[in-house]
Amino acid sequence: MPESDPQLLVSTEWLADHLGAPDVRILDGTYRLPGQGGDPKADYERAHVPGARFFDIDEIADTSSPLPHMLPPAEKFVSRVRAMGVGDGHRIVVYDQDGLFSAARVWWMFRVFGVSDVAVLDGGLRKWLAEGRPVEDMPPAPRDRHFTARKDSSLVRDVTQVAAALKLGEAQIVDARSPARFRGEEPEPRPGLRSGHIPGAKNVHYATLLGPDGTLKPVPETRRIFEAAGVDLSQPIVTSCGSGVTAAILALALERLGHRKWSVYDGSWSEWGAYPDLAVETG
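Reference entry: report on the structure contained in this document.

Parameters at a glance
Residues numbered from 1 in each chain as written. Predicted model: local features only at pLDDT ≥ 70, side-chain atom pairs only at ≥ 80, totals over all residues. Heavy atoms only, no water. Helix = DSSP H or I, 4+ residues; strand = E, 2+ residues; numbered from the N terminus. Rg over C-alpha atoms; globule rule 2.2 N^0.38 Å. Buried < 20%, exposed > 50% of the residue type's maximum accessible area, 1.4 Å probe, protein only. 1 Å grid on protein atoms, 1.4 Å probe; cavity = no way out; pocket = protein on both sides within 12 Å on 5 of 7 lines; lining within 4 Å. Points joined across faces, edges and corners; volume = space filled by probe spheres on them. Nonpolar A, V, L, I, M, F, W, Y, C, P; charged D, E, K, R; others polar. Pairing = 2+ DSSP bridges. Axes fitted to C-alpha atoms, helices over the stretch in contact; angles between N-to-C directions. Parallel < 35°, antiparallel > 145°, perpendicular 65-115°, else oblique. Left-handed = near helix turned anticlockwise from the far one by under 90°. Contact = heavy atoms within 4.5 Å. Polar contact = N/O pair within 3.5 Å; in protein donor to acceptor, adjacent residues only side chain to side chain. Arc of directions from axis to C-beta. Phe/Tyr/Trp six-rings, centres within 6.5 Å; stacked < 30°, edge-to-face > 60°. Lys NZ or Arg CZ within 6 Å of the ring centre and 35° of its normal.

Of the regular secondary structure elements, the protein holds ten helices and ten strands. Its C-alpha radius of gyration of 18 Å places the protein within 12% of the 19 Å reference for a compact globule of 283 residues. Overall, the protein is about 50 × 40 × 35 Å in size when its C-alpha atoms are taken along their principal axes. The burial tally for the protein puts 54% of its 283 residues in the buried class.

Structure below.
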């Protein structure tokens, strides 16, 4: 796998070389957990990659759901990205300000709505700034662009589908949360949730897939990390986390390994941990 694959992961060099390309659209998809601090939108307004638009994960969401930032209806997704000037024929590059945390969630959303030409900036804004590359503080003036959504429902799972897959042994659940949260030794950042994990789930903490500069580790090392956690890479995988954000990092890593039988549990622990009738394991 080359370092830059415009349909999956691009390097800061690739993006610097393509900044002025008329078909490239750049999105800042920064999101932070409750208690992580900072205002991603305000930080975007202070400094972003030239030409980048801000993609608000909490707003481009199903705001009628009691769960945080669930996948929006197709019509809402289409109207929001069109208004950002993102549409058919564009090569989309998503980054986040903190290395790699939430950009993969935006990548996954575009994939769910039928876009294959979407990539994550490896290392994000942090690496971009460390290399002394340019930023600006003025948002671009977007022109509405036609966007066609073709929803791929195979890339997303709900609580009923996850429970059924578990019961029938049809898929492995791989949880991206920290080992302490996975084992139930540390409280969840969202109040009211039980501690622990979905029974039988494997734990691959998303941070173990990243190097010190926030880039994804090389493919052979990534494969070893999944296998060391007991994940069978020949079988279907449902990725999960706290609220469906870092689960998408696992999905991105699996896609990069050439594993195509993956999906993201959108509600993740925010949903599973809130239902008292769903079984929970600890330890």
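As a further point, take the layout of surface pockets. Looking at the largest pocket, its volume works out to about 230 Å³. Along the wall of the largest pocket there are 16 residues; nearest its centre are Met70, Val156, Arg157, Asp158 and Asp266. Those elements that provide at least two residues to the lining of the largest pocket are strand E6 (156–157) and helix H6 (159–168). The class makeup of the residues in the lining of the largest pocket is seven nonpolar, three polar and six charged.

All right, on to the sheet that holds strand E7 (residues 172–175) then. Ordered by their spatial adjacency, five strands build an open sheet running E6-E10-E9-E7-E8, and the pairing between neighbours is parallel. What marks the edges here is a single partner per strand, and that holds for E6 and strand E8 (202–203). In this sheet, strand E9 (residues 237–240) lies alongside E7 in parallel orientation, the contact comprising four bridges. Each residue of the ladder has a partner; that of Asp175, found in E9, is Ser240.

Next up on the list: unusual backbone geometry. Located in the positive-phi region is His69, a residue other than glycine, with phi close to 35°. By the secondary structure assignment, His69 is in the loop between strand E3 (53–54) and helix H3 (74–83). For Ser268, which is not glycine, the phi torsion reads 45° and is therefore positive. Judged by relative accessible area, Ser268 falls into the buried class, the value being 0%.

Two elements in contact, helix H4 (residues 103–112) and helix H9 (residues 247–256), have axes whose closest approach is 8 Å; the angle formed by their N-to-C orientations is 70°. One element, H4, and the other, H9, form an angle in the roughly perpendicular class. The two elements H4 and H9 cross, and the hand of that crossing is left-handed. On the side of H4, the interface is formed by Ala104, Arg105, Trp107, Trp108 and Arg111, while H9 contributes Ala248, Ile249, Ala251, Leu252 and Glu255. Here the contact of H4 with H9 is built from residues that sort into seven nonpolar, no polar and three charged.

Relative to the assigned elements, Ser270 resides in helix H10 (residues 268–272). Separated by 2.8 Å, the side chain of Ser270 and the backbone oxygen of Gly242 make a polar contact. For Ser270, the residues in contact, after removing those within four places along its chain, are Leu67, Pro68, Arg190, Leu193, Gly242 and Ser243.

Below, the discussion takes up helix H8 (residues 219–228). The periodicity of an α-helix, 3.6 residues per turn, causes residues three or four positions apart to be oriented the same way. Those residues of H8 lying buried are Val219, Thr222, Ile225 and Phe226. The arc that holds every buried residue of H8, seen down its axis, measures 120°, which confines them to one face. Exposed residues lying more than 90 degrees from the buried face of H8 are Pro220, Arg224 and Ala228. Buried residues along H8 sit in contact with E7 and H9. Trailing H8 by a residue or two, Gly230 shows a phi angle of about 85°, which is positive.

Counted according to the given criterion, the structure contains ten aromatic pairs. Taken together, the ring pairs connect Phe55, Phe77, Phe110, Phe113 and Phe147 into an aromatic cluster. The ring of Trp128 is capped by Arg133, whose NZ or CZ atom sits 5.7 Å from the centre of that ring. Of note, Arg177 hangs over the ring of Trp269, and the distance from its end group to the ring centre comes to 4.7 Å.

Purely geometric stuff here, so don't read any function into it on its own.
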